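# Close look at the chain arrangement
Listed below are the residues making up each chain.
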Amino acid sequence: PSRAKNDEIQTVGSSPKRGIVMAIYEDVLVSAYAVIQLLRQQYHCTLPIELWSKPGEIQTVDLLQELLKDPTIHHRVFSDPLFAGFLSKPYSIFYSSFDQILLLDADNVPVQDPTYLFETPEFQDTGAMFFPDYWHPHNTVFHMTADSLVWELLGIPFVEELEMESGQILIDKQRSEQALNRLMFLGRTYDTWIGPLRLAWGDKDLFRVV
């Protein structure tokens, strides 16, 4: 992906670079703007932010430029056609300049400064933190149930639990390197077999199975 000269993000000492990653497109730009203003003005969150979009996808350039007046907000562009739509989220995690990432959907509204999540025992112990979705295998529209072929094809056991919400995810890239490589493989081949066979529902299930 291309990166402007002013998009370099500096490391302070030996501390991991932490930041928020947000995939954006024209329809969610206003929502992203509102969420970022909330983080900065109301919660005084100082985490740097990367905004990822396809080339030429943002039409309301003035609004994007307004966000980029903040020197800690950076616009990143990707052009890999295999990672369009929801698959832009795995791509932006993989190629982010941050070591530890809070992936945040543009329509997810935090209720406080999320910086503390990086210090929670759950994240410190595992290098990742996920959040449950509403859907359960006995009440789901996504067919991530015990009889789904995906478990056999990927060689992983089915676990009866609430499905995973991918609107907010914490990832330590170094500690999750193998899982992220598998995630990118599934993303690159999604339209070849996963999508046509309806084995998974977008990025939310890909994160779950890696």
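Since the structure is predicted, the reported quantities are computational estimates derived from the model, not experimental observations. (Residues numbered from 1 in each chain as written. Predicted model: local features only at pLDDT ≥ 70, side-chain atom pairs only at ≥ 80, totals over all residues. Heavy atoms only, no water.)

### Describing the overall build of the protein chain
In terms of helices and strands, the protein chain carries 8 helices and 6 strands. Each helix and strand of the protein chain, placed in order from N terminus to C terminus, yields the pattern β-α-β-α-β-α-β-α-β-α-β-α-α-α. Counting all 210 residues of the protein chain, 47% fall into the buried class. Of the contacts made within the protein chain by residues no fewer than 6 positions apart, 75% connect residues no fewer than 24 positions apart. Accessible surface for the protein chain amounts to roughly 11000 Å². Of this, 54% is attributable to carbon and sulfur atoms. (Helix = DSSP H or I, 4+ residues; strand = E, 2+ residues; numbered from the N terminus. Buried < 20%, exposed > 50% of the residue type's maximum accessible area, 1.4 Å probe, protein only. Contact = heavy atoms within 4.5 Å. Areas by Shrake-Rupley, 256 points an atom, 1.4 Å probe, with all protein chains shown as cover.)

### Side note on helix α1 (residues 29-42)
Because the α-helix completes a turn every 3.6 residues, residues three or four places apart line up on one side. Given a rise of 1.5 Å per residue, 14 residues ought to cover 20 Å, and the 19 Å separating the end C-alpha atoms of α1 matches this to within 8%. Listing the buried residues of α1 in full gives Leu29, Ala32, Val35, Ile36, Leu39 and Arg40. Considered in projection along α1, the buried side chains sweep an arc of 125° and stay on one side of the axis. Away from the buried face of α1 by more than 90 degrees, exposed residues Val30, Gln41 and Gln42 are located. Check the buried side of α1 and you find it contacts β1 (18-23), β2 (49-53), α2 (61-67), β3 (73-77) and β4 (100-104). (Expected span 1.5 Å × (residues − 1). Arc of directions from axis to C-beta.)

### Here's the deal with the sheet that holds β4
Here we have 6 strands laid out as an open sheet, ordered β3-β2-β1-β4-β6-β5, and mixed in their pairing. Every other strand in the sheet has two partners, leaving β3 and β5 (128-132) as the edge strands with one partner each. Across the sheet, the mean angle separating the axes of adjacent strands is 20° when strand polarity is ignored. Pairing of β1 with β2, which is carried by 4 bridges, proceeds in the parallel orientation. Following the sheet pairing, Val21 is matched in β2 by Glu50. Against the sheet, α1 touches β1, β2, β3 and β4, its axis set at about 160° to β1. The strands touched by helix α3 (residues 88-95) are β1, β2, β3, β4 and β6 (164-172); relative to β4, the strand with the most contacts, the crossing angle is about 160°. (Pairing = 2+ DSSP bridges. Axes fitted to C-alpha atoms, helices over the stretch in contact; angles between N-to-C directions.)

### Here's the deal with the confidence of the model for the protein chain
Taken as a whole, the protein chain shows an average pLDDT of 85; of its residues, 88% reach a score of 70 or greater. When the criterion is pLDDT under 50, residues 1-13 qualifies, and its contacts beyond four places in sequence or with other chains add up to 23 contacts. (pLDDT = per-residue confidence, 0-100.)

### Observations concerning the environment of Lys173
Among the structural elements, Lys173 can be located in the loop between β6 and α6 (177-188). For Lys173, a relative accessible area of 17% corresponds to the buried category. Between the C-alpha atoms of Lys173 and Ser96, which are 77 residues apart in sequence, the distance is 9.3 Å. Discounting residues that sit within four places of it in the chain, Lys173 has contacts with Ile93, Phe94, Tyr95, Ser96, Phe98, Asp99, Ile101 and Leu180. From its side chain, Lys173 meets the backbone oxygen of Phe94 in a polar contact 3.1 Å long. (Polar contact = N/O pair within 3.5 Å; in protein donor to acceptor, adjacent residues only side chain to side chain.)

### A word on a nonpolar patch on the surface
Taken together, Leu149, Leu153 and Leu197 make up a surface patch of nonpolar side chains, about 280 Å² in accessible area. Position of Leu197 among the secondary structure elements: in the loop between α7 (190-194) and α8 (202-209). (Patch = residues over 30% accessible without salt bridge, like charges linked within 9 Å, V, L, I, M, F, W, Y side chains within 5 Å. Salt bridge = Lys/Arg side-chain N within 4 Å of Asp/Glu carboxyl O.)

### Here we look at the side chain of Ser97
Here Ser97 is to be found in the loop between α3 and β4. Of the residues examined, Ser97 reaches a relative accessible area of 11% and is grouped as buried. Of the polar contacts made by the side chain of Ser97, one reaches the side chain of Glu50; its length is 2.6 Å.

### Describing the pattern of salt bridges
In this structure the tally under the stated criterion is 6 salt bridges. Where Arg76 meets Glu50, a salt bridge forms, and the shortest distance between an N and an O atom there is 3.1 Å. Here the residue Arg76 occupies a position in strand β3, and Glu50 occupies one in strand β2, the gap between them amounting to 26 residues. With relative accessibility at 3%, the residue Arg76 sits in the buried group. A salt bridge links Arg188 to Asp80; the nearest nitrogen and oxygen atoms lie 3.0 Å apart.

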